[in-house]
Amino acid sequence: MLHDPPAGVTAWLHPATRDEAFSLVADGGTPVAGGVALLSLALAPALGERAVDVAALLPVGIFDGLIGASTTLAELAADSYANAHWPAIAEAAAMTATPQVRAVATVGGTVAARLPTSDLAASLAAHDCVVHAQTAEGEREIEILDYLSRKTLPAHLVSGVRPRLSGPGAHRRFALRLGPAPALATVAGIAVNGELRLFAGAVGPTAAPIRLEGELKLDSLRSDARASAEYRRQLIGVLAADVRRVLGQRG
Ligand SMILES: Cc1cc2nc3c(=O)[nH]c(=O)nc-3n(C[C@H](O)[C@H](O)[C@H](O)COP(=O)(O)OP(=O)(O)OC[C@H]3O[C@@H](n4cnc5c(N)ncnc54)[C@H](O)[C@@H]3O)c2cc1C
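Residues numbered from 1 in each chain as written. Predicted model: local features only at pLDDT ≥ 70, side-chain atom pairs only at ≥ 80, totals over all residues. Heavy atoms only, no water.

A word on helix H1 (residues 18–26)
Okay, step 1: Residues of H1 that are buried include every one of Ala21, Phe22, Leu24 and Val25, and no others. Buried residues of H1, viewed axially, fall in a sector of 160°; they line one side.
Okay, step 2: In the core, the buried residues of H1 are packed alongside strand E1 (11–13), strand E2 (30–32), strand E3 (50–53), strand E6 (129–135) and strand E8 (156–163).
Okay, step 3: Note on H1: the residue one or two positions beyond its end, Gly28, has a positive phi of about 105°. (Buried < 20%, exposed > 50% of the residue type's maximum accessible area, 1.4 Å probe, protein only. Helix = DSSP H or I, 4+ residues; strand = E, 2+ residues; numbered from the N terminus. Arc of directions from axis to C-beta. Contact = heavy atoms within 4.5 Å.)

Observations regarding the site of the ligand
Okay, step 1: Lining the immediate surroundings of the ligand are 28 residues, of which Pro31, Ala33, Thr106, Thr110 and Asp119 lie closest.
Okay, step 2: A distance of 2.9 Å is found between an oxygen atom of the ligand and a backbone nitrogen or oxygen belonging to Ala97.
Okay, step 3: Within the side chain of Arg173, one N or O atom sits 3.2 Å away from an oxygen atom of the ligand.
Okay, step 4: Starting from 980 Å² of accessible surface for the ligand in isolation, the protein chains cover 88%. (Near = heavy atom within 4 Å. Polar contact = N/O pair within 3.5 Å; in protein donor to acceptor, adjacent residues only side chain to side chain. Areas by Shrake-Rupley, 256 points an atom, 1.4 Å probe, with all protein chains shown as cover.)

Here we look at the sheet that holds E1
Okay, step 1: Spatial ordering of the open sheet is given by E1-E3-E2, a layout of three strands whose pairing is parallel. Only two strands of the sheet have a single partner each, and these edge strands are E1 and E2. The mean angle between the axes of side-by-side strands here comes to 30°, regardless of whether they run parallel or antiparallel.
Okay, step 2: Most of the contacts of H1 go to E3, to which it runs at about 155°, and overall it touches E1, E2 and E3. (Pairing = 2+ DSSP bridges. Axes fitted to C-alpha atoms, helices over the stretch in contact; angles between N-to-C directions.)

Side note on the environment of Val111
Okay, step 1: Looking at the element boundaries, Val111 is found in helix H6 (residues 107–113).
Okay, step 2: Among the residues examined, Val111 registers a relative accessible area of 4% and is labelled buried.
Okay, step 3: For the pair Val111 and Ala121, spaced ten residues apart in the sequence, the C-alpha separation amounts to 7.6 Å.
Okay, step 4: Sequence-distant contacts of Val111, defined by excluding residues within four places in its chain, comprise Leu124, Val131, Ile144, Tyr147, Leu148 and Val161.

A short note on empty space enclosed by the protein
Okay, step 1: If you walk through the whole model with that rule in mind, you get one cavity of 30 Å³ or more.
Okay, step 2: In this structure, the largest cavity occupies an estimated 50 Å³ of space.
Okay, step 3: Residue lining of the largest cavity: Thr110, Val111, Arg114, Leu115, Ser118, Leu120, Ala121, Leu124, Leu148 and Ala207, and that is the complete set.
Okay, step 4: For the lining of the largest cavity, the secondary structure elements donating two or more residues are H6 and helix H7 (120–126).
Okay, step 5: Counting residues per element, the lining of the largest cavity draws most heavily on H7, which supplies three residues.
Okay, step 6: Considering only residue class, the lining of the largest cavity consists of seven nonpolar, two polar and one charged. (1 Å grid on protein atoms, 1.4 Å probe; cavity = no way out; pocket = protein on both sides within 12 Å on 5 of 7 lines; lining within 4 Å. Points joined across faces, edges and corners; volume = space filled by probe spheres on them. Nonpolar A, V, L, I, M, F, W, Y, C, P; charged D, E, K, R; others polar.)

Comments concerning the nonpolar core
Generally speaking, a soluble globular protein has its nonpolar side chains buried in company with each other.
Okay, step 1: Membership of the largest hydrophobic core comes to 47 residues, with the highest contact counts inside it found for Leu76, Ile89, Val111, Leu124 and Ile144.
Okay, step 2: Per-element accounting of this core gives the leading share, six residues, to H7.
Okay, step 3: Filtering out sequence-adjacent residues up to four positions away, Leu124 remains in contact with Ile89, Val111, Cys129, Ile144 and Val161.
Okay, step 4: Within the second largest apolar cluster, 20 residues are counted, among which are Leu216, Leu235, Ile236 and Val243. (Core = buried A, V, L, I, M, F, W, Y, C linked by side-chain atoms within 4.5 Å.)

Observations regarding the side chain of His171
Okay, step 1: Checked against the element boundaries, His171 lands in strand E9 (residues 169–174).
Okay, step 2: You can call His171 buried: its relative accessible area is 0%.
Okay, step 3: The contact partners of His171, leaving out residues within four places of it in the chain, are Ala88, Glu91, Ala92, Met95, Asp119, Thr186, Val187 and Ala188.

Given below as structure tokens:
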């Protein structure tokens, strides 16, 4: 017999199907995938009354060019197809957090968390990704920059991420210390058809990375307790130069 949890206690729900999971999320439940956000007070989502375990219901691995939402960052970093076709994404996954976090954090949860310090974001933009999501209107594809920059999103379940560009690529990050420290800036880039697509992550007002072309405007960059906008601009220049150097070598 099921009992309602006492007031203030979160009920953990384990739906049997994706549709059931989506209904629970559409009804106000909070999706939980790897659950890494729960480790940190700074990241913990407000679980509310109902947490919906979605990890087992979403695709794992890479099929038909789609990175399944329940693929862990460790699996993505080690995947031979990802390393060959989407090297900036594979590198960014390998440089995120710690081995323990990468072993449980999923691609879906990492994208859906929309953290302004995300390591993965710039590489997803460089490889021109679309986010696949189940919504009240059915399956939708949302451009990664649109997904990461919107103030709010309607109830949805990320089912995967599909990169549309492949090619030699690289990801670089800088943080104030080694180990699990949020990046002050990241730069990811790929070489495609003789051109470079470079994006800076962890530097803007939202999780959306900024395309590096032409002069980088200071007022597009974040100033906070960890770094000023000007410092971030300098960092981006250094990281971008290294990505260009690596792509010169790899391309
Ligand atoms: C110690 C520590 C160090 C970290 N270091 C880094 C770092 O260096 N770089 C970096 O980029 N990040 C870092 N993070 C953040 C971490 O990468 C993310 O919290 C993690 O990747 C989230 O993945 P998850 O599968 O555990 O998601 P969860 O924690 O389960 O969920 C994260 C958010 O996404 C929502 N969600 C989950 N799955 C779905 C889905 N399929 N559809 C819709 N919404 C969903 C949840 O409701 C929640 O709001 C760190 C976190 C910790 C605790």
